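This is what each chain is made of:
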Amino acid sequence: MNLPSKEKIVELADKYETADFLKKDPSRFMHDFLPENGGSVRDAEIIAFLSANLAFGRREQILAHIQNVVDLMAASKKTPAGWILDGDYEKHFGESRLSFYRMYTFWDMRNFFSNLRNFLRQKETLGEFFREKWEIALAECREGEKIFLHSVIAGCFCTDCALISRSKSGAAKKLNMFLRWMVRDNSPVDLGLWKWYDKSRLLIPLDTHVMQESVKFGFLEKTSSGKPPSASLKTALALSEKMQEYFPGDPARGDFALFGLGADR
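Figured I'd write up the structure that's included with this text.

The rules we used
- Residues numbered from 1 in each chain as written.
- Predicted model: local features only at pLDDT ≥ 70, side-chain atom pairs only at ≥ 80, totals over all residues.
- Heavy atoms only, no water.
- Helix = DSSP H or I, 4+ residues; strand = E, 2+ residues; numbered from the N terminus.
- Rg over C-alpha atoms; globule rule 2.2 N^0.38 Å.
- Buried < 20%, exposed > 50% of the residue type's maximum accessible area, 1.4 Å probe, protein only.
- Contact = heavy atoms within 4.5 Å.
- Areas by Shrake-Rupley, 256 points an atom, 1.4 Å probe, with all protein chains shown as cover.
- Lys, Arg positive; Asp, Glu negative; His and termini not counted.
- Charge placed at Lys NZ, Arg CZ, Asp CG, Glu CD.
- Expected span 1.5 Å × (residues − 1).
- Arc of directions from axis to C-beta.
- Salt bridge = Lys/Arg side-chain N within 4 Å of Asp/Glu carboxyl O.
- Axes fitted to C-alpha atoms, helices over the stretch in contact; angles between N-to-C directions.
- Parallel < 35°, antiparallel > 145°, perpendicular 65-115°, else oblique.
- Left-handed = near helix turned anticlockwise from the far one by under 90°.
- Nonpolar A, V, L, I, M, F, W, Y, C, P; charged D, E, K, R; others polar.
- Disulfide = S-S within 2.5 Å.
- Core = buried A, V, L, I, M, F, W, Y, C linked by side-chain atoms within 4.5 Å.

Some words on the overall build of the chain
In step 1: A count of helical and extended segments in the chain gives 13 helices and 2 strands.
In step 2: For 265 residues, the compact-globule formula gives about 18 Å, and the C-alpha radius of gyration of the chain, at 18 Å, lands near that figure.
In step 3: The 265 residues of the chain split such that 52% are buried.
In step 4: Here the contacts in the chain between residues at least 6 apart in sequence split such that 67% fall between residues at least 24 apart.
In step 5: Within the structure as shown, the chain displays about 12600 Å² of accessible surface, and the carbon and sulfur contribution to it stands at 48%.
In step 6: A distance of 4 Å separates the average location of the 38 positive side-chain charges in the chain from that of its 36 negative side-chain charges.

Here you go:
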């Protein structure tokens, strides 16, 4: 199969990486909490992290459940950071094992916010907290060893935090989407708040649309059974490496071309 031209993929990225993309995407919420909109970097990070970790399933349900939590924060008359640091989330997310969103229970959400509170008690922002952990990981890694920021972030959470996947071989779609939001700059969608991390190291977040379009374009090969490959770290690395050819130094921009086209079909 002949791969599509660079012009074709760049054209698709240009088509979908626009402010209109935010209208139906979980990334829209974080923009409301930026400093220029009366918020702060840490509030935008918190909302982005929440949004990314609830971003699976039907889009309407994703947006509704993120909005639910944002409304709880607003009703408290506190910032997202204040709502977490003061433990207000405990009023709404108790020890119930009933579902809040799909397989995530109210207890899972409480546990998630408790982890974030622990981080924010140590550093002013999530970015500062994760940067310190990343620099420690870099200093401790062996020569030739590959480490990934999404794995470092996952390792900061307690082992029973259901919202965070700790699989070393998994694609970590939600965390890599969050990292795209935090790291990529000069974008109407992504915030570019974390200047300390090189966007050339970002991995494509693998979702169904991205996988399907990648197979159609020939970026990924089908399995022997004719199905797309599994959404693994190996697959994310292979696709991100391919996207480096189309977007040198900025492979995650390929997410807009692939996801946008797939969601638009």
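Focus: helix H12 (residues 233–246)
In step 1: The end-to-end C-alpha distance of H12 is 20 Å, a good match for the 20 Å that 14 residues give at a rise of 1.5 Å each.
In step 2: All buried positions along H12 are accounted for by Leu-233, Thr-235, Ala-236, Leu-239, Ser-240, Met-243 and Tyr-246. Mapping the buried residues of H12 onto a view down its axis gives an arc of 150 degrees, with all of them on the same face. For H12, exposure combined with an orientation more than 90 degrees from the buried face picks out Lys-234 and Glu-241.

Quick notes on the pattern of salt bridges
In step 1: Taken as a whole and judged by the stated rule, the model has 20 salt bridges.
In step 2: The salt bridge partner of Lys-23 is Asp-20, with a shortest N-O separation of 3.2 Å. For the pair Lys-23 and Asp-20, a shared accessibility class is recorded, and that class is exposed.
In step 3: Lys-91 is the partner of Asp-88 in a salt bridge, and the nearest nitrogen-oxygen pair spans 3.8 Å.
In step 4: Three or more residues joined by partner-sharing salt bridges are found here, namely Asp-14, Glu-17, Arg-180, Arg-184, Asp-190, Asp-250, Arg-253 and Asp-255.

Considerations on the packing of helix H3 (residues 41–53) against helix H7 (residues 106–122)
In step 1: Two elements in contact, H3 and H7, have axes separated by 12 Å at closest approach and are oriented at 150 degrees. Regarding the angle of H3 to H7, the classification is roughly antiparallel. Considering how the two elements wind past one another, H3 and H7 form a crossing that is right-handed. Judged by residue contacts, Ile-46, Phe-49, Leu-50 and Asn-53 of H3 engage Met-109, Phe-112, Phe-113, Leu-116 and Leu-120 from H7.
In step 2: Across the contact of H3 with H7, the residue classes tally to 8 nonpolar, 1 polar and no charged.

A look at the environment of Tyr-104
In step 1: Looking at the secondary structure, you find Tyr-104 in strand S2 (residues 104–105).
In step 2: You can call Tyr-104 buried: its relative accessible area is 5%.
In step 3: The sequence separation of Tyr-104 and Leu-54 amounts to 50 residues, and the corresponding C-alpha distance is 9.1 Å.
In step 4: Look past the residues within four positions of Tyr-104 in its chain and what remains in contact with it is Asn-53, Leu-54, Phe-56, Leu-98, Ser-99, Ala-162, Leu-163 and Lys-174.

Comments concerning the state of the cysteines
In step 1: For the structure shown, the criterion picks out 0 disulfides.
In step 2: Considering cysteine sulfurs only, Cys-161 is the nearest to Cys-158, which forms no disulfide, with 5.2 Å between them.
In step 3: The partly exposed category is assigned to Cys-158, whose relative accessible area is 29%.

Observations regarding the nonpolar core
In step 1: Judged by nonpolar contacts, the single largest core of 62 residues is most densely connected at Phe-49, Phe-112, Phe-113 and Phe-157.
In step 2: Non-local contacts of Phe-49, meaning those with residues more than four positions away in its chain, are made with Phe-112, Leu-116, Leu-126, Ile-153, Phe-157, Ile-164, Leu-175 and Phe-178.
In step 3: In terms of nonpolar packing, the next biggest core, distinct from the first, is built from 26 residues, Ile-9, Met-211, Leu-258 and Phe-259 among them.

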